[in-house]
Amino acid sequence: MGPPNKIKVTVDVLDGSLEVDLSDTIRVLSEVQKIDLELDVIEREKERCCSEIEESKSEGDDIKEKVTLLTEALDTLEVEGKDLEEGLRVNKETITKDNERLGEIKNDKQFKAITKEISNAEKSVKLLEMESSALSERVAEKREEIAGLEAKSSEKTDAAGTLVKKLEENNAEWAKEIEGKSKEREALIVDIPPNILKKYDTIRARRAGIGIVTVERETCQGCFIQIPPQVYIQLRRDSDGIINCPHCYRFLYFDGESEVGAESTSNEAESSMPADEA
Ligand SMILES: [Zn+2]
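Reading the values: the criteria
Residues numbered from 1 in each chain as written. Predicted model: local features only at pLDDT ≥ 70, side-chain atom pairs only at ≥ 80, totals over all residues. Core = buried A, V, L, I, M, F, W, Y, C linked by C-beta atoms within 7 Å. Buried ≥ 20, exposed ≤ 12 C-beta atoms within 10 Å, placed from the backbone. Helix = DSSP H or I, 4+ residues; strand = E, 2+ residues; numbered from the N terminus. Contact = placed C-beta atoms within 7 Å. Expected span 1.5 Å × (residues − 1). Arc of directions from axis to C-beta. Pairing = 2+ DSSP bridges. pLDDT = per-residue confidence, 0-100.

A closer look at the nonpolar core
Then comes step 1: Membership of the largest hydrophobic core comes to 21 residues, with the highest contact counts inside it found for Leu29, Cys220, Cys245, Phe251 and Leu252.
Then comes step 2: At four residues, helix H1 (residues 22–101) tops the list of elements feeding residues into this core.
Then comes step 3: Excluding residues that lie within four positions of it along the chain, Leu29 makes contacts with Ile192, Tyr200, Ile212 and Phe251.

Looking at helix H3 (residues 194–206)
Then comes step 1: Relative to the 18 Å expected for 13 residues at 1.5 Å per residue, H3 spans 18 Å between its end C-alpha atoms, a close match to the ideal helical length.
Then comes step 2: Burial in H3 covers these residues: Ile196, Tyr200, Ile203 and Arg204. Down the axis of H3, the smallest arc covering the buried residues is 100°, so these residues share one side. Opposite the buried face of H3, by more than 90 degrees, sit the exposed residues Lys198 and Ala205.

Considerations on the sheet that holds strand E4 (residues 219–220)
Then comes step 1: If you trace the four strands from one edge of the open sheet to the other, you get E4-E3-E6-E5, paired in mixed fashion. With one partner strand each, in any of the chains shown, E4 and strand E5 (243–244) form the two edges of the open sheet.
Then comes step 2: Pairing of strand E3 (residues 212–216) with E4, which is carried by two bridges, proceeds in the antiparallel orientation. Within E4, the residue paired with Val215 across the bridge is Cys220.

Some remarks on the confidence of the model for the protein chain
Then comes step 1: Averaged over every residue, the pLDDT of the protein chain is 85; residues scoring 70 or more account for 83%.
Then comes step 2: Per-residue pLDDT stays below 50 along residues 1–20; that stretch engages in 32 contacts with residues further than four places along the chain or on separate chains.
Then comes step 3: Throughout residues 260–278 the model reports pLDDT below 50, and contacts reaching past four residues in sequence, or to other chains, amount to 21 contacts.

Points about unusual backbone geometry
Then comes step 1: Although it is not a glycine, Ala208 adopts a positive phi angle of roughly 50°.
Then comes step 2: Look at Ala208 and you get exposed, because 12 C-beta atoms sit within 10 Å.
Then comes step 3: Phi at Phe224 takes a positive value of approximately 60°, unusual for a residue other than glycine.
Then comes step 4: With respect to the helices and strands, the residue Phe224 is situated in the loop between E4 and helix H4 (229–237).

Focus: the pairing of E3
Then comes step 1: Of the pairings in the sheet, the one linking E3 to strand E6 (residues 251–253) comprises three bridges and is parallel in character. Residue pairing in the sheet places Thr214 in a bridge with Tyr253 of E6.

What follows is the structure, encoded as structure tokens:
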């Protein structure tokens, strides 16, 4: 196959008309697509990094909230513990005093009354001691839980800090890359008629970032649907024409070399998009 013929066509632009070489337009557009995909990768990487930070921070916040709730519960338990201690103190005091009073007893009635009071106080002490011991266990559990969560929380804070640092470092790198690629893009798009560039941008926005694709084995490499034979023939013969895939509306170009390329295995399914929207 010989070199493609260059056909000059007139494309309507905002300020009149422009004579452009469409084979160049498609070629340049495919270069723009490469840059755009590289820029998309950077953008996605940035988003991923930011969302990791957000995730780490929100996990940290969840843990802190749990610690707050547990600390409140612990405070309540400690108040309960003080009440129990006070109860124990009062009952033990009663037992001591009653035991002293036993020595000064005048009659049997008094004796019965005091020994009953002692017995009741001793029962109370037993109960309170049991409650107190159970409470101590719960307090210890809560303290352990809080300590574990606090360690986790500080891990999360450290992780978020590391990610923020990484993001800051990467940001500088990305900014440089974005600047370089954007300049390349700007230099390229001066050769593309604005209406075609606008259409490319629109398709790209709606078609997973891909606005222009090759055709291999009569199949659009964007949607992987076979294109009609007459469109394929036109594409091969007129390598200078601007042709859009009738299914996904992406710009198509025929790259002779890619025809011998590997077989496609993808089966991207896409809904159709009205032609006037593309
Ligand atoms: Zn397609």
